[in-house]
Amino acid sequence: MSDQRLKVVVTRRLPEVVERRMAELFDVDLRTDEHAMTKEDLVAAMGRADVLVPTITDRIDAGMLAQAGPHLKLIANFGAGIDHVDLATARQRGILVTNTPGVVTDDTADMTMALILAVTRRIPEGLAVMQSGDWQGWSPTAYLGGRIGGKQLGILGMGRIGQAVARRARAFGMEIHYHNRKRLRPETEAALEARYWESLDQMVSRMDVISVNCPHTPSTFHLLNARRLKLLKPEAVVVNTSRGEVIDENALTRMLRTGEIAGAGLDVFEGRHEINPRLRAQPNVVLLPHMGSATVEGRIEMGEKVLINIKTFADGHRPPDQVVTSMI
Ligand code: 8YV
């Protein structure tokens, strides 16, 4: 397939340098609006594109894929998580899907640590009192949080991001535990000083902090359901920088309200941007607007990955970040 003929439609504004390169390489429709496309606009985009570059804000279901134009051959997602695309249908229709793994790892792991510290050390409360001007000066008993050194961290999902969290948390003195579909190789486990738990239930019941770092797939949906959340110690804190759907958010909210869980740090939500008002009102939660990978460097690297995936495809090769559906 010749580059000239490749029609690439990008659904969101991307870093300027990425858009510029995209325009140099392909016949590209760039987005000028800062908002997500409507479903109708997205279907229209899929009707005219050879390559679609969507993001997490574009839900691409079976019905939409059925309406895609005959030329749509690649969905080159801007982002690592790919749960917003119906991968099985894309595969049936011969549409390749790629993502941007690796480049979001460190930023997301950094944000996981930020959330763990924000919740356990009560940073938002400190910020609030300073901003209100009500601070009365230092007190030996004010704003006491918990020390994370020596605490048990249970990582749910020990892929790239989970491992990056483990390395950081170990440097903070936390004890690392993990549950994963597959146990890590002994040398990796040893390097991370991490203990594997085959039983998620058993791990959950012993942890001080749980960090969700697995992707959202049919088998991880509500992995932390009401029954499992009830196994947590009342002093435990839950942090999620992956996908909201991995936790039963209503159950979590109820337990935060009743004090059955001490706190939560959430960068992602089940309703994506519609946040349960009861969750928002909780004093023991730190909520962020899905900014885990939001660094200037990271966004440019994500764009570069998208460019490489499209260019490799255009040159007739297998794109490096092709998502293998059987692994999902
Ligand atoms: C991205 C993410 O910013 O890469 C991911 O999976 O969750 C985010 O950090 C987002 O997905 C962009 O599409």
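All of these numbers come straight from a predicted model, not from anything done at the bench. (Residues numbered from 1 in each chain as written. Predicted model: local features only at pLDDT ≥ 70, side-chain atom pairs only at ≥ 80, totals over all residues. Heavy atoms only, no water.)

A. Focus on the domain arrangement of the chain. Segmentation of the chain into domains returns domain 1 (7-103 + 295-327) and domain 2 (105-287). Measuring from the centre of the C-alpha atoms in domain 1 to the corresponding centre in domain 2 gives 31 Å. Taken together, the contacts link 11 residues of domain 1 with 8 residues of domain 2. For the domain 1 and domain 2 pair, buried surface summed over both sides reaches about 800 Å², with 34% attributable to carbon and sulfur atoms. Here domain 1 is connected to domain 2 by 4 residue pairs in polar contact (both at pLDDT 80 or more). (Domains from an automatic or database assignment. Contact = heavy atoms within 4.5 Å. Buried area = accessible area lost by both parts, 1.4 Å probe. Polar contact = N/O pair within 3.5 Å; in protein donor to acceptor, adjacent residues only side chain to side chain.)

B. Quick peek at the sheet that holds strand 12 (residues 285-287). Strand order in the open sheet made by the 7 strands is 8-7-6-9-10-11-12, with parallel pairing throughout. In this open sheet, the two edge strands, each paired with only one partner strand, are strand 8 (194-196) and strand 12. Going across the sheet, the axis of each strand differs from the next one's by a mean of 20°, ignoring polarity. On top of the sheet, helix 5 (residues 105-120) reaches strand 6 (152-156), strand 9 (209-212), strand 10 (237-240), strand 11 (263-266) and strand 12; it is set at about 150° to strand 10, its chief contact. Lying on the sheet, helix 7 (residues 160-171) is in contact with strand 6, strand 7 (175-179) and strand 9; it crosses strand 6 at an angle near 170°. (Pairing = 2+ DSSP bridges. Helix = DSSP H or I, 4+ residues; strand = E, 2+ residues; numbered from the N terminus. Axes fitted to C-alpha atoms, helices over the stretch in contact; angles between N-to-C directions.)

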